[in-house]
Amino acid sequence: MNNITPRPRMQSIGRYLPMLRESNWEKAEQLGFSRDFLEHKLGVVQRSIKESGQSNTDLCVCAFEDLRQRTNLPMEQLQLLAVVTQHPEFKVPHAAAVVHNRLGLAKNCMTFDVSQGCAGYTHGVTIVTGVMEAAGLEQAVLITCDPYSDKVDSQDKDTALLFGDAATATYFTRNGPGYELIDSNFGTLPDSFRCLLFRDCLEMDGGAVFKHAVQEVPPSLRELLRRNSLTEAEIDLFLLHQGSKYLVEYIARKMRVPAEKAPFEAADYGNTVSSSIPLMLQKHVDAGILDRIVLSGFGVGFTWGNNFLRRIGSNT
């Protein structure tokens, strides 16, 4: 008899992208950028914009409701709800407690936030699965929500054309098929935190962010592969944070990974911060076809985090 308890695996992902889109063409011209730069370097031709008055919590709930439509989610059995966000609706309490209340979850459900920005999903996946293992939990949901459309200076060349609004909700369980976290690695570059700051609005040194990403991310990915005895060719898909089209393509070239295995998919909605990776991952988790997927998030801090996921069973 096999008494080994199955490890947590992600089984489904809900997503919410607001319907409203704001085109970048006219604004790019006003800021002195060419059409070629917008299409081939930045890569974001329009951004998803949340409705006026729509709160961080509202977006979280929308993503959760989409998750409920995709899977048989045992609401009353959820034991952990974590929210990755840099801008919760309130300073106190934490966003996860507010979302927990809106959803009417059980009182024995653990709640906490992770403030991590663009590397937030890879950190969150590791934290949630680690807590599930340590506490023997069976069911958990990880939400990402970092809307920035109302937090950037519309005349700032580094941020005005880049960020879109979105939210996602990832369901973890020990039962059935899904993607299991096999390994992760992380880092924070000393004396680099000033490259992304939020005071009155988001301040980004785009050149520094690009430099840090191309210098730190490829070596960390190679180290993750090396310690799991894998080559780049043995990975089915690399999902890189959608910082910009050129950045994703540059890292892929440094890794000698073909473009189709490291896609840029944010042209029609923008850089959605902690939601950028799970927005792309959703269709692959639901399909359950690819065997090995690597995730890489990087940004605020300057920090980075990578996850190696392996398929368990099949969703098809």
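As the structure is a computational prediction, the values presented were derived from the model and not from experiment.

## Description of the pattern of salt bridges
And step 1. Applying the stated rule across the entire model yields 21 salt bridges.
And step 2. For K151, the salt bridge goes to D150, with nearest N and O atoms at 3.0 Å.
And step 3. K151 gets classed as buried once you look at its relative accessible area, which sits at 17%.
And step 4. Between E249 and K245 there is a salt bridge, with its nearest N and O atoms 2.5 Å apart. Pair noted here: E249 and K245 are both in helix α7 (residues 245-254), with a separation of four residues, about one helical turn.
And step 5. By relative accessible area, which is 21% here, K245 ends up partly exposed.
And step 6. In the salt-bridge network here, residues are joined through shared partners; they are R7, R9, E133, E138, R174 and E180.

## Quick notes on the packing of aromatic side chains
And step 1. For the structure on display, the rule yields six aromatic pairs.
And step 2. Ring centres of Y148 and F163 lie 5.5 Å apart, and the angle between their planes is 40°; on these two criteria the pair is classed as tilted. Of the two residues, Y148 is situated in the loop between β6 (139-145) and β7 (167-173) and F163 in the loop between β6 and β7; the sequence distance between them amounts to 15 residues.
And step 3. On the numbers, 5.4 Å between centres and 70° between planes, the contact of F210 with Y250 is edge-to-face. Of this pair, F210 sits in helix α6 (residues 206-227) while Y250 sits in helix α7; the two residues are 40 residues apart in sequence, bridging distant segments of the chain.
And step 4. Here a set of aromatic residues connected by ring pairs shows up, and it is made of F210, Y246 and Y250.
And step 5. R35 extends its terminal NZ or CZ atom over the ring of W25, reaching a point 4.1 Å from the ring centre.
And step 6. When the ring centre of F33 is taken as origin, the NZ or CZ atom of K157, which lies over that ring, is 5.9 Å away.

Conventions and cut-offs
Residues numbered from 1 in each chain as written. Predicted model: local features only at pLDDT ≥ 70, side-chain atom pairs only at ≥ 80, totals over all residues. Heavy atoms only, no water. Salt bridge = Lys/Arg side-chain N within 4 Å of Asp/Glu carboxyl O. Buried < 20%, exposed > 50% of the residue type's maximum accessible area, 1.4 Å probe, protein only. Helix = DSSP H or I, 4+ residues; strand = E, 2+ residues; numbered from the N terminus. Phe/Tyr/Trp six-rings, centres within 6.5 Å; stacked < 30°, edge-to-face > 60°. Lys NZ or Arg CZ within 6 Å of the ring centre and 35° of its normal.

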